[in-house]
Amino acid sequence: LMGAAALFDGVIAEMKTGEGKTLVIALAAAMAALSGKGVHVAVPNPYLATRDAEAMRPLYEFFGLTVGVSVPGMTREEKQAAYAADVTYAVHSELGFDYLRDHLVAHASERVQRGHHFAIVDEADSILIDEARTPLIISQPAADDSHLARLAAYMVRPLQLNVDVTVDETQKNAMLTEQGMDRIANLFVAHRIIPSARALYEPAHLYLMRYITAALRARFVFRRDQDYLVRDGQVHIIDPATGRILAGRRWQNGLHQAIEVKEGVPLQPETETAAEISYQHYFRLYAQLAGLTGTAMSAAEEFETIYEKPVIAIPTHRPVIRKDLPDLLFADRASKFLAIVDDVVEQREAG
C-alpha cells in the first residue's frame, strides 16, 4: 500500500526484490485508471508485459477496469484495442515506437495511442537514466548507393593508422590527417570522380566524405565479435551495455553498409531516419510519471535533476537479513570474469 501510494503521487519508489512490485504497480495503475484517461505500464520485455497483465487481470476486473498488452509484432487493430483499455502493459521501447508510428500515419483514425496521461516505469533507473539518451529510430529505405560504399572501402584500404588516419576510441570516430585528405582527394581524381583535388571541398562533392568517414570507422574503429558479429550472412550489432544482439537494428550514416563491405557479406539497403525520440523525451510527455526499481537511491540525484522526481525508499515488510557486501573493483574485464568463475566454483563446492 505504501509503494502504491508513492507511485500514485508520481515519485520514483525503491523496493527490494520480492516485496511485490508487480502488485504495487497494479494497485497504483488501477487507482490512476479510474479517471478514465488510460494508464501505461512500461516493462522491460514482452514476456513480462504479457505475464504481469494476465496475473493482475482479476484485480483490474474487480475494479471494473480493462487491461491490454502492446508488444512488437501486433497489428494496428490489436494495438488500438490494447491502448483503448484502461491499463496498457507495454515494452518500454514499443511505447516509444508506437508514438513515432502515430506521427507517420496519414489519418488520425490510424493512430493507436490515445494520449499520455500516466506512465509507471518498471526498472526505472535502467530506462530513465542508463538508456535515457538512446534514440528510438524508425527508418525508411534510402536511395541505393551501395556502389559508393564499395568505392569508399577500396579507397581507404591503403591508408595507414597515425599517418593518414587518427582514431578517437572513446567517440568511436576516425578522422583523416592532412596527408590522408590529400591521398583520398588524389584517389578520387585518379578514378575520375572529381576533376581536381580541390573539387572535393566544393559543396557538390561533400557527400563523398560521408562514405569515406563510414569506411574509415568500419576499418579502423569497429571490431568483429566486439562491436558486431557476422551470422547467416548479416552484420548484427552487439549492445555495448548488455552484450546481446540488437535484432533488426542498423547503424546510420552508411556505417552498417561499410561494415558489410568490410566483412564481404551481401549489402542490405541503406535506410534513413523517418522519426526518432529518446526515452528521456518520450517519458516526459506524460502528465504524470512514476517509476519503480530495486536500486533507485543510488541514482536519486539524476532523477531529481532530469525528471524533477523525488526518490522514496519503501521499507521492507520484514527486516532485511541479506548481507549487502561492498563492491569489488577489478582492473579489467578478464580479472572480473575470473573472479566470478572462482566464486561460482566456491559456492558449488559448498553445496
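Residues numbered from 1 in each chain as written. Predicted model: local features only at pLDDT ≥ 70, side-chain atom pairs only at ≥ 80, totals over all residues. Heavy atoms only, no water.

Caption draft 1: Quick peek at the sheet that holds strand 12 (residues 288–293). The sheet built from seven strands is open, its strands ordered 3-4-2-5-12-1-13 with parallel pairing. Two strands lie at the open edges of the sheet, namely strand 3 (67–70) and strand 13 (311–313), each paired on one side alone. Neighbour-to-neighbour, the strand axes of this sheet turn through a mean angle of 20 degrees, independent of strand direction. As defined by bridge partners, strand 2 (residues 39–43) adjoins strand 5 (residues 118–122) across four bridges and the pair is classed as parallel. By the bridge assignment, histidine 40 is partnered in strand 5 with alanine 119. Along the sheet face, helix 5 (residues 92–102) touches strand 2, strand 3, strand 4 (87–91) and strand 5 and points at about 105 degrees away from the line of strand 4. (Pairing = 2+ DSSP bridges. Helix = DSSP H or I, 4+ residues; strand = E, 2+ residues; numbered from the N terminus. Axes fitted to C-alpha atoms, helices over the stretch in contact; angles between N-to-C directions. Contact = heavy atoms within 4.5 Å.)

Caption draft 2: How the structure looks around the pairing of strand 5. With five of five residues buried, strand 5 is to be regarded as a mostly interior element. Residues Phe118, Ile120 and Asp122 point to one face of strand 5 and Ala119 and Val121 to the other, with burial holding for every one of them. Pairing geometry for strand 5 and strand 12, over five bridges, is parallel. Across the sheet, isoleucine 120 pairs through a bridge with alanine 290, a residue of strand 12. (Buried < 20%, exposed > 50% of the residue type's maximum accessible area, 1.4 Å probe, protein only.)

Caption draft 3: Highlighting the pattern of salt bridges. Following the criterion strictly, the structure yields 14 salt bridges and no others. Between arginine 224 and glutamate 263 there is a salt bridge, with the nearest N and O atoms lying 2.8 Å from each other. Of this pair, arginine 224 sits in the loop between helix 9 (207–220) and strand 9 (228–231) while glutamate 263 is found in helix 10 (residues 255–263), placing the two residues 39 residues apart along the sequence. Of the residues examined, arginine 224 reaches a relative accessible area of 43% and is grouped as partly exposed. Through salt bridges with shared partners, one network takes in Lys79, Glu94, Asp98 and Arg101. (Salt bridge = Lys/Arg side-chain N within 4 Å of Asp/Glu carboxyl O.)

None of the figures reported here should be taken as evidence of function without further support.
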